[in-house]
Amino acid sequence: MKIASVIVDVPAKQTDKTFDYLIPDNLESVIVPGVRVNVPFGPRNIQGFVTGIKTESEFKKLKEIAGALDLKPVLNKELLLLGEWLTEHSLCYRISAYQAMLPAALKAKYQKKVVLTEGTSKEDLEEEARNLFSSGSEASWETAVEQNLVNLLKRESDRGLVDVVYEVKDRVRRKKLKHILPLGDTDSLAEQKERLSPQAKAQRRLLDFFQEHPAPVELKTLVANGFSQAAVKALIKAGILGEQDMEVYRDPYAGREFQRQEPLVLTEAQEKAIAPILSSIEEERHEVFLLYGVTGSGKTEIYLQSIQQVLEKGEEAIVLVPEISLTPQMVKRFKERFGDLVAVMHSGLSAGEKYDEWRKIQRREVKVVVGARSAIFAPFKNLGIIIIDEEHETSYKQEENPRYHARDVAIHRAATHRCPVVLGSATPSLESFARAQKGVYTLLALPKRMNEQPLPEVEIVDMREEMRQGNRSMFSRSLFEKLEDRLAKGEQTVLFLNKRGHSSFVMCRDCGYVINCPNCEITLTYHRYQEQMKCHYCGYEEPVPVICPECTSEHIRYFGTGTQKVEEELTKLLPEARVIRMDVDTTGKKGSHERLLNAFGEGAADILLGTQMIAKGLDFPNITLVGVLSADTMLHLPDFRSSEKTFQLLTQVSGRAGRHELPGEVVIQTYTPEHYSIELAGTQDYDRFYQQEMMARKLHKYPPFYYIALVTVSHEELMKAVSVTEKITRYISSRLSKEAVVLGPVASPIPRIKNRYRYQCLIKYKKEPELRASLRQVLDRYQQETAKEGLQISLDLNPYILM
DNA sequence: AGCACGCCGACT
DNA sequence: GTCGGCGTGCTC
């Protein structure tokens, strides 16, 4: 008998290994590595992934696999290996790695139920237990617990009257639609038609139709074409037509017409940049390219034509974009070029839609996937290229287990497939640019905009000076004048602010009391719309205070500026201006993001006001002014990348202006105009910024000169968190070389979240082959306390958020 | 992670 | 003498 090795769906240290199961005869052909199975595990049934087949096991009392969930493996050989690599690389459990690689719809749902045993009727049970089974022979375990019947049921179970069963359910709902099809061939249809009663005109017409199209047709389509349901029903009853539920894909882009677009003629600069990529594709050589091109320099066309080449070779392509629902224009360009060969995967899709897109890939029905981070795991078999657009974006790093960076996964996969990776950006991450400088990546530069338009003129306004001149408004005089000017000319403006809500916090003017979250060490944010104070970390909400809780003063003031407040201010100052506001609050609903953007593109508003999310992708000819209300809000975050992020964001936002015929202008308002990331964003001088920032990183021993790893320990008791972090810090220090720097224990920048104290230890290192093993040791050492005493230890090799 | 098993104190 | 509390260790 054959034996399968299975990774079970229990994310825990002790179960992070394979378990062996016998393969029952009837499943022998189905059970291959990569299929999901149901297996008995202790007293319950759970899901697992088959990772290997063998004929012998050290374990003697093997159980049998209960069932297979797939007929075709959901993980191919490459992805199974990639999962192992990911486990090693990010120090997570293997099951977590595999689950991260699949759409959420393929995750198991568990249900615990009580069922009457065969031959038992509910009258046999004790009275209290009977009404539990009022609606049949089974009841959910949850309601049994609610009704306090657990003990009773245990007795009944001992008497053999009930059983407790564990059900593993697939979440997948394949969408099915009723289709109508002729049961006989065309000739028999003609025959049947003759036999119909002469009055049955409609039925005759229907048969005419099917004689011409002998394929299944959706009932809805028939009705839409003027056939009546009655006629269809009659023919089904007569046994001439049949109905069948057929699986269809949910298509998020259904009904959208994409006009076929042919490749554009490349500029000389583009030709020069694409040549090495094409030859790498041709020679099946793995190489990483950094495509460094200013906004509007035509990177996308290079992506498109590289993919074209890959498709001609019969291979496949993955394109990662930061968060695709944000860039409908990007999707459009891919669909226009490659039509139905494109699958799209992003967070705006429902679980079912994501699953359907994933299936198209699995069934080889598409050749290109355009998607956010997790699309890097697309189950293609012949990858010919991987493209990561806006390579510097932090959303490529997953901030929960497995904590992977899509760039690393991309390079790993591309190496196995011997194909190129193209990292594109106008403001590359320091890490990538440094690698390109060192020759690890190949640098391809597109220094000019395609239309030869100069980059927009940037004015940096010192808001301290405005204040001194008596301007207390949130708009500098210069920005306000320009706003009025655009309004008069009928041109559009984008105003950018990186904060949501109304005002960031509420403070008492008499005693200085600031309202904090009771569970987290963080100030509550005022949300005007719901008149609530909200915590962005734990979701805690409370009404806005009327009097100060500390000193009962009534002088409560709102500080900081949010998008809502700017909007109000705008309507006050420029009542005739039509404003569209875009932030998490107004784009929460599916599709609203795209709707708002389209409305702006069609000229439904003069001013687009928004947060981060409007920084990229929007490309409208009528935008001639971009205003950044406060450039320094993120500069002061406790994060060594804050300068880099500020520079990238400002450059990105500035690029929104004047992309077409009309020249653009940018106004950046700041309280620290002398800071190099703001000053150099003003002149759009990436190279000088790179030099400056590299010096700072070298000095403080940060990436790309050093790698970093972060250990965060959290516990309800402060002392426990501190002492564990201290022990860990000491242990790690003892295991590393003298070159490594171990900082800690220190309180996290957010020292308490959801009533848990947080301490951390930061490790900076260049080469420490022992580090991963040591960190695993740490997890092992504290495993019991993690399981029982509510201790949490999180490890992040290459963290992007140091909080 | 669940869950059973087992050992201890409080009770019909 | 039994019920139910939680600590311990296993799940192929």
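Definitions and limits used
One numbering rule holds for all chains: residues counted from 1, following each sequence as written. For this description, chains carry letters from A and ligands carry numbers from 1, given in the order in which they are written. Whole-chain, interface and lining totals are the exception, using all residues; otherwise, since this is a predicted model, local features are given only for residues with pLDDT of at least 70 and side-chain atom pairs are given and counted only at 80 or more. Processing note: side-chain calculations cover all non-hydrogen atoms of the structure and skip hydrogens and water entirely. Numbering goes from the N terminus for both helices and strands, where a helix is a DSSP run of H or I of at least four residues and a strand is a run of E of at least two. C-alpha atoms define the radius of gyration in this analysis, and the globule rule sets the expected value at 2.2 Å times the number of residues to the power 0.38. Burial classes: relative accessible area under 20% of the type maximum marks a residue as buried, over 50% as exposed, and values in between as partly exposed (1.4 Å probe, protein chains only). For the area figures, the Shrake-Rupley method with a 1.4 Å probe applies, and any residue is considered shielded solely by the protein chains shown. Nine residue types can take part in a nonpolar core, namely buried Ala, Val, Leu, Ile, Met, Phe, Trp, Tyr and Cys, and a core is a set of them joined through side-chain atoms within 4.5 Å. When checking whether two residues touch, look at their non-hydrogen atoms; a contact exists if any pair is within 4.5 Å. Domain start and end points were adopted from an automatic or database domain assignment. UniProt positions are given in the numbering used here, feature names are shortened, and annotations may be inferred rather than shown by experiment. Exposure above 30% relative accessible area and no salt bridge define the residues that can form patches, which grow by joining like charges within 9 Å and nonpolar side chains of Val, Leu, Ile, Met, Phe, Trp and Tyr within 5 Å. Should a side-chain nitrogen of Lys or Arg be within 4 Å of a carboxyl oxygen of Asp or Glu, the pair is scored as a salt bridge. Only four residue types enter the charge count: Lys and Arg as positive, Asp and Glu as negative, with His and the chain ends excluded. Taken as the charge location is NZ of Lys, CZ of Arg, CG of Asp or CD of Glu. When at least one non-hydrogen atom of a residue lies within 4 Å of a molecule or strand, that residue is treated as near it. Under the rule applied, a polar contact is a pair of N or O atoms within 3.5 Å (in protein, one hydrogen donor and one hydrogen acceptor; residues adjacent in sequence only if both atoms are side-chain atoms). Lines fitted to the C-alpha atoms define the axes, with helices restricted to the stretch that makes contact. Angles between their N-to-C directions range from 0 to 180 degrees. Each angle receives one of four descriptions, namely roughly parallel if under 35 degrees, roughly antiparallel if over 145, roughly perpendicular if within 65 to 115, and oblique otherwise. Less than a right angle of anticlockwise turn of the near helix away from the far helix marks a crossing as left-handed, whereas a clockwise turn marks it as right-handed. Residues are grouped as follows: Ala, Val, Leu, Ile, Met, Phe, Trp, Tyr, Cys and Pro are nonpolar; Asp, Glu, Lys and Arg are charged; all remaining types, including Gly, are polar. Paired strands are those between which DSSP finds at least two bridges.

Enquirer: Would you mind going over the overall build of chain A with me for this structure?
Expert: Counting its regular elements, chain A contains 25 helices and 34 strands. Here chain A has a C-alpha radius of gyration of 31 Å; the compact-globule value for 803 residues is 28 Å, and the two agree. The principal-axis extent of the C-alpha atoms belonging to chain A is close to 90 × 75 × 65 Å. Looking at the 803 residues of chain A, the share that counts as buried comes to 52%. Total accessible area on chain A stands at roughly 37,900 Å², and carbon and sulfur atoms take up 49% of it.

Enquirer: Can you help me understand the nonpolar core in this one?
Expert: Within soluble globular proteins, side chains that are nonpolar generally end up buried alongside one another. If you look at the biggest cluster of nonpolar residues, it comprises 87 residues, and the most contacted ones within it are Leu75, Ile318, Val369, Ile376, Phe600, Leu608 and Leu618. Every residue in contact with Val369, bar those within four places of it in the chain, is listed here: Ala317, Ile318, Val319, Ala343, Met345, Ile361, Ala375, Ala378 and Phe380. In this structure, Ile277, Phe289, Ile307 and Val321 belong to the second largest nonpolar core, which totals 30 residues.

Enquirer: Help me understand the domain arrangement of chain A in this model?
Expert: The accessible area lost on association of the parts is a frequent measure of interface size. According to the domain assignment, chain A consists of domain 1 (3-108), domain 2 (110-169), domain 3 (176-247), domain 4 (268-446), domain 5 (457-500 + 562-697) and domain 6 (707-796). A C-alpha centroid distance of 46 Å is found between domain 3 and domain 4.

Enquirer: Teacher, can you tell me more about the UniProt feature "binding site: Zn(2+) 1" (unreviewed entry) in chain A here?
Expert: As recorded in UniProt, the feature "binding site: Zn(2+) 1" (unreviewed entry) lies at Cys508, Cys511, Cys548 and Cys551. Spanning 44 residues, the named residues form one tight spatial group whose C-alpha atoms are at most 8.6 Å apart. Structurally, Cys508 can be placed in strand E22 (residues 505-508). The residues contacting Cys508, other than those within four sequence positions of it, are Tyr513, Cys548, Cys551, Ser553 and His555. Assignment of secondary structure puts Cys511 in the loop between E22 and strand E23 (525-527). In this structure Cys511 touches Cys548, Glu550 and Cys551, once residues within four positions along its chain are discounted.

Enquirer: Where do I start with a positive patch on the surface in this structure?
Expert: On the surface, a cluster of positive charge is contributed by Lys107, Lys109, Lys169, Arg171 and Arg173. Among the structural elements, Arg173 can be located in the loop between strand E9 (162-170) and strand E10 (176-182).

Enquirer: I tried to follow the protein's contact with DNA strand B on my own but got confused; where do I start?
Expert: Taken together, Val10, Pro11, Ala12, Gln14, Pro43, Arg44, Lys112 and Tyr166 make up the full set of residues near DNA strand B. Here the atoms of DNA strand B within 4 Å of the protein split so that 62% fall in sugar or phosphate, with bases taking the remainder. Within the contact set of DNA strand B, a base nitrogen lies 3.4 Å away from a side-chain nitrogen or oxygen of Arg44.

Enquirer: Could you clarify how one ought to interpret helix H12 (residues 328-338) in this entry?
Expert: Among the 11 residues of H12, eight are classified as buried, and the element is accordingly described as predominantly covered. Considered for burial, the residues of H12 that qualify are Pro328, Met330, Val331, Phe334, Lys335, Glu336, Arg337 and Phe338. Against the buried residues of H12 lie helix H11 (299-312), strand E14 (316-320), strand E15 (342-345), strand E16 (368-371) and helix H19 (592-601). A positive backbone phi angle near 55 degrees is found at Gly339, which sits one or two residues after H12.

Enquirer: Help me out: how do you make sense of the protein's contact with DNA strand C in this one?
Expert: Taken together, 14 residues sit near DNA strand C, with Lys17, Asp20, Pro40, Gly42 and Lys63 positioned nearest. Atoms of DNA strand C within 4 Å of the protein: sugar and phosphate make up 45%, bases the balance. A distance of 3.1 Å separates a base nitrogen of DNA strand C from a polar atom in the side chain of Lys17. At 3.0 Å from a phosphate oxygen of DNA strand C is found a main-chain nitrogen or oxygen belonging to Pro40. Looking at the surface near DNA strand C, the elements with two or more residues in it are strand E2 (18-22) and strand E3 (36-41). No other element matches E2, which puts three residues into the surface near DNA strand C.

Enquirer: What am I meant to see in the environment of Lys572 here?
Expert: For Lys572, the location among the structural elements is in helix H18 (residues 563-573). Considering only alpha carbons, one finds Lys572 and Ser134, 438 residues apart in sequence, at a separation of 63 Å.

Enquirer: Hey, could you run me through the packing of helix H6 (residues 186-195) against helix H7 (residues 201-212) in this one?
Expert: Between two packed helices, both the angle of their axes relative to each other and the distance between the axes serve to describe the pair. For the pair H6 and H7, interaxial distance at closest approach is 10 Å and the crossing angle is 165 degrees. Taken together, H6 and H7 sit at an angle that is classed as roughly antiparallel. Considering how the two elements wind past one another, H6 and H7 form a crossing that is left-handed. Contacts between H6 and H7 involve Thr186, Leu189, Ala190 and Lys193 from the first element and Arg204, Leu207, Asp208, Phe210 and Gln211 from the second. When the residues that make up the contact of H6 with H7 are grouped by side-chain class, the tally is four nonpolar, two polar and three charged.

Enquirer: What's the story with the sheet that holds strand E20 (residues 457-462) in this structure? I'm lost.
Expert: To summarise the sheet geometry, strands pair through backbone hydrogen bonds and adopt either a parallel or an antiparallel arrangement. With parallel pairing, the six strands of this open sheet are ordered in space as E20-E30-E29-E21-E28-E27. Across the chains shown, the open sheet's two edge strands, defined by having one partner strand only, are E20 and strand E27 (579-582). Pairs of neighbouring strands in the sheet enclose a mean axial angle of 15 degrees, with direction left out of account. Here E20 pairs with strand E30 (residues 665-670) via six bridges, running parallel. By the bridge assignment, Glu459 is partnered in E30 with Val667. Against the sheet, helix H17 (residues 477-489) makes contact with E20, strand E21 (492-496), strand E28 (607-610), strand E29 (623-628) and E30, and its axis sits at roughly 155 degrees relative to E29, the strand it touches most.

Enquirer: Got a minute to help me understand the side chain of Thr670 in this structure?
Expert: Note on placement: Thr670 falls in strand E30. The contacts of Thr670, once residues within four sequence positions are left out, are Ile460, Val461, Asp462, Met463, Arg464, Ala631, Asp632 and Ile678.

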